[in-house]
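If you want the building blocks of each chain, they are given just below.
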Amino acid sequence: MRLQACFLGLLALFVTGKCSYSPEPDQQLALPPGWVSLGRVDSEEELSLTFALRQQNVERLSELVQAVSDPGSPRYGKYLTLEDVAELVRPSPLTFRTVQKWLLAAGAQNCHSVTTRDFLTCWLSVRQAELLLSGAEFHRYVGGPGEIHVIRSPRPYQLPKALAPHVDFVGGLHRFPPTSSLRQRPEPQVSGTVGLHLGVTPSVIRQRYNLTAQDVGSGTTNNSQACAQFLEQYFHDSDLAEFMRLFGGNFAHQASVARVVGQQGRGRAGIEASLDVEYLMSAGANISTWVYSSPGRHESQEPFLQWLLVLSNESALPHVHTVSYGDDEDSLSSAYIQRVNTEFMKAAARGLTLLFASGDSGAGCWSVSGRHQFRPSFPASSPYVTTVGGTSFQNPFRVTNEIVDYISGGGFSNVFPQPSYQEEAVAQFLSSSPHVPPSSYFNASGRAYPDVAALSDGYWVVSNSVPIPWVSGTSASTPVFGGLLSLINEHRILSGRPPLGFLNPRLYKQRGAGLFDVTHGCHESCLNEEVQGQGFCSGPGWDPVTGWGTPNFPALLKTLINP
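Each residue is numbered by its place in its chain's sequence as written, counting from 1. Predicted model: local features are reported for residues with pLDDT of at least 70 only, side-chain atom pairs are reported and counted for 80 or more only, and whole-chain, interface and lining totals are derived from all residues. As a rule here, side-chain values come from all non-hydrogen atoms in the structure, and water together with hydrogens is ignored.

Novice: Just to check I follow, could you spell out the environment of aspartate 84 for this structure?
Specialist: What counts as a helix is a DSSP run of H or I of at least four residues, what counts as a strand is a run of E of at least two, and both are numbered from the N terminus. Looking at where aspartate 84 falls in the secondary structure, it is placed in helix H4 (residues 82–89). Taking the C-alpha atoms as reference points, aspartate 84 and valine 99, separated by 15 residues in sequence, lie 24 Å from one another. Any N or O atom pair separated by 3.5 Å or less is treated as a polar contact, with the protein-specific requirement of one donor-capable and one acceptor-capable atom, and with residues adjacent in sequence counted only for side-chain atom pairs. Within the structure, aspartate 84 has its side chain in polar contact with the backbone nitrogen of threonine 81 (distance 2.9 Å).

Below is the structure:
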């Protein structure tokens, strides 16, 4: 009865804050380093806000992901279409109608949804938005490497309690665009260069991972791959062409991107954007490549969220997506994290392979109630994505065995429980590793990552017409691994099989078959007396630094080609 009273008085009460609730009480509101407020936004300025509507049948979706992703299941590879997913998760008519009426009564204009009907994006004036979202106060900020402008609220927002069963969160109020952790390391010193390489290039990758000149796309399938960028960075076609001219001479390749989704700015190219495109297209050589470039970004939109909306609105998508985006798990609200995780489930049900960089801070570190703990990263910690860590050559100038790159992100989620597919591997690591940190530093029952790894140290990149050496980060390893999975998809498609889809259940069931096991090295963590800067260490089998290891392409192809 009380809920009904709240609903009847909805429009009168949302202004006063009575009968209201906070959808994201745990969202971090502190201004990230490098951002500065330029003051309040004019009350008549227009905003674009995204309302995440409560989905139905999420448990059933989870069951279907397991069924289509597990090689032991009779439904393996029988992926859902976007329309199937929409039929399953679309919000109830009551949810859609309730939220739509509320928005229209508040003066929202030009509201549009997606195929799955679980997001509504609307335009409102700042004045309307601040009335609608009690407590919100919109400011303009400038920051990030590109000195970009965003509109966000430094204060939490509330919604009428009658909307609690209908809205997960509102996008466009709090989360700032991430910054790149890619770094250019100093060149290692060496005397004499006979028989040595001077940094990682496509030919070095192809040599290390045992690709031949024939390991390229056939050009005869509808196979495609994509990278997504949210950093207000852009790649230049001319840089890609120059990169392939310098480094792509010994394998067939495409020298231009097939499709750009979103806004390609006219500014300077970014090293991260250049790296993603150049190494996805040289590892997954001669395969049609799409780039998602801050799709549909307005100052008040969250670029990562906009990418998820695009995935929910396109029935034909590339099979493999590589993403170098990450945030500290603890900086994000549980409502947001859980909903984004469901978006990854939707992608997995459709047979998309999502690869995320594991991050460049090792195990991470933060202080909780005066005690140090490791700091997991999201989306790396999602159980529905494949997370890629990083390695270095044992000898930085020779194509040798790989060891841990000390920056390789890895650890255990504080949000997501350990999925069943990895329980055995994680238990084996925890019981056999001689260097497990104190248990107070991590959640041993959480989703553990990364799942795999690849070289992340010492790359050559062409950006703004200049070849740049020694670029390092898991932003490099992720497109490399993604490109190799695209080559495997090519073989699967040519032999009449479905693409790989969500890889993890198969990857763990096969216990790292087709991968080089990385057994030496540890990554960084808290600089204190107790752990002295050391996080987890790699060892035989799976570990939370390099996962199952790095690709041995012919062996990986053999293990993933059937069924």
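Now that the structure has been shown, we can carry on.
Novice: Before we go on, may I ask you to explain helix H8 (residues 237–247) in this structure?
Specialist: Note on helix geometry: an α-helix contains 3.6 residues per turn, so any two residues three or four positions apart are oriented the same way. Restricting attention to buried positions, one finds in H8 the residues Asp239, Leu240, Phe243, Met244 and Phe247. Viewed end-on, H8 has its buried residues packed into an arc of 130 degrees, placing them on one side of the element. By definition, residues are in contact when any of their heavy atoms lie within 4.5 Å. Packed against the buried residues of H8 are helix H7 (202–208), helix H9 (271–283) and strand S25 (459–463). Each residue gets one of three labels from its accessible area relative to the maximum for its type: buried under 20%, exposed over 50%, partly exposed in between, using a 1.4 Å probe on protein chains only. When we speak of the arc, we mean the arc of directions from the helix axis to the C-beta atoms.

Novice: Looking at this structure, how should I read the sheet that holds strand S7 (residues 148–152)?
Specialist: Strands belonging to one sheet form pairs held by backbone hydrogen bonds; the direction of such a pair is parallel or antiparallel. Only strands that DSSP links by at least two bridges are regarded as paired with each other. Taken together, the three strands give an open sheet; going across it, the order is S2-S6-S7, and neighbouring strands pair in antiparallel fashion. Looking along the sheet, the strands with just one partner apiece sit at the ends: strand S2 (35–40) and S7. Between one strand and the next, the sheet's axes are offset by a mean angle of 30 degrees, whatever the strand orientation. Bridge analysis of S2 against strand S6 (residues 139–143) gives four bridges, and the strand direction is antiparallel. Among the inter-strand pairings, serine 37 is bridged to a residue of S6, identified as tyrosine 141. Whenever a helix is involved, its axis is fitted only over the stretch in contact; in every case the axis is a line through C-alpha atoms, and angles between N-to-C directions fall within 0 to 180 degrees.

Novice: I'm lost on the state of the cysteines in this one. Help?
Specialist: Put plainly, two cysteines are in a disulfide when a covalent bond ties their sulfur atoms together. Cysteine sulfur atoms are paired as a disulfide whenever they come within 2.5 Å of each other. Enumeration over the complete set of coordinates arrives at three disulfides. Each sulfur in the disulfide pair cysteine 111 and cysteine 122 lies 2.0 Å from the other. Residues cysteine 111 and cysteine 122 share a disulfide whose torsion about the S-S bond is about 115 degrees; that sign makes it right-handed. Of this pair, cysteine 111 sits in strand S4 (residues 109–113) while cysteine 122 sits in strand S5 (residues 119–125), placing them 11 residues apart in sequence. Judged by relative accessible area, which is 0%, cysteine 122 ranks as buried.

Novice: Sorry, what's going on with the packing of aromatic side chains here?
Specialist: Note on aromatic contacts: the rings of Phe and Tyr and the six-membered ring of Trp form a pair at centre separations within 6.5 Å, being stacked when their planes are under 30 degrees apart, edge-to-face when over 60 apart, and tilted otherwise. Summed over the entire model, instances satisfying the criterion amount to 29 aromatic pairs. Taking 5.2 Å as the distance between ring centres and 75 degrees as the angle between the ring planes, the aromatic pair formed by tyrosine 141 and phenylalanine 176 counts as edge-to-face. One end of the pair, tyrosine 141, is in strand S6; the other, phenylalanine 176, is in the loop between strand S9 (167–171) and strand S10 (183–184), with 35 residues separating them in the sequence. The residues tyrosine 141 and phenylalanine 176 share a single accessibility class, namely buried.

Novice: Would you take a moment to explain the domain arrangement of the protein chain for this structure?
Specialist: How far each domain reaches was decided by an automatic or database domain assignment. Each domain of the protein chain was delimited in the assignment, giving domain 1 (28–55 + 90–171) and domain 2 (202–561). For domain 1 versus domain 2, the distance between C-alpha centres works out to 31 Å. In this complex, domain 1 contributes 25 residues to the contact, which on the side of domain 2 involves 21 residues. Summed over both partners, buried area is the accessible surface (1.4 Å probe) that two parts give up on being assembled. Contact with domain 2 buries surface across domain 1, with Gln28, Phe119 and Phe169 losing the most and accounting together for 26% of the total.

Novice: Looking at this structure, I do not really get the side chain of glutamine 229. What am I missing?
Specialist: Tracing the backbone through its elements, the reader meets glutamine 229 in strand S11 (residues 224–229). On the basis of relative accessibility, which here comes to 4%, the residue glutamine 229 falls in the buried class. Side-chain polar atoms of glutamine 229 contact the backbone oxygen of alanine 273, separated by 3.3 Å.

Novice: Before we go on, may I ask you to explain the layout of surface pockets in this structure?
Specialist: One simple way to see leftover space: roll a probe sized like a water molecule over the atoms. A cavity, in this analysis, means grid points on a 1 Å lattice covering only the protein atoms where a 1.4 Å probe fits yet has no way out; a pocket is instead an open set bounded by protein on both sides within 12 Å along at least five of seven lines, and a residue lines either one if it has an atom within 4 Å of a point. Grid points are joined across faces, edges and corners, and a volume is the space filled by probe spheres set on the points. In this structure, the largest pocket encloses a volume near 890 Å³. As for the largest pocket, its lining consists of 40 residues, of which Pro178, Thr179, Gly326, Asp327 and Asp328 are closest to the centre. Asp, Glu, Lys and Arg are counted as charged, while Ala, Val, Leu, Ile, Met, Phe, Trp, Tyr, Cys and Pro are counted as nonpolar; the rest, among them Gly, fall into the polar class. Classifying every residue of the lining of the largest pocket by side-chain character gives 15 nonpolar, 19 polar and six charged. The two domains that each donate at least three residues to the lining of the largest pocket are domain 1 (28–55 + 90–171) and domain 2 (202–561).

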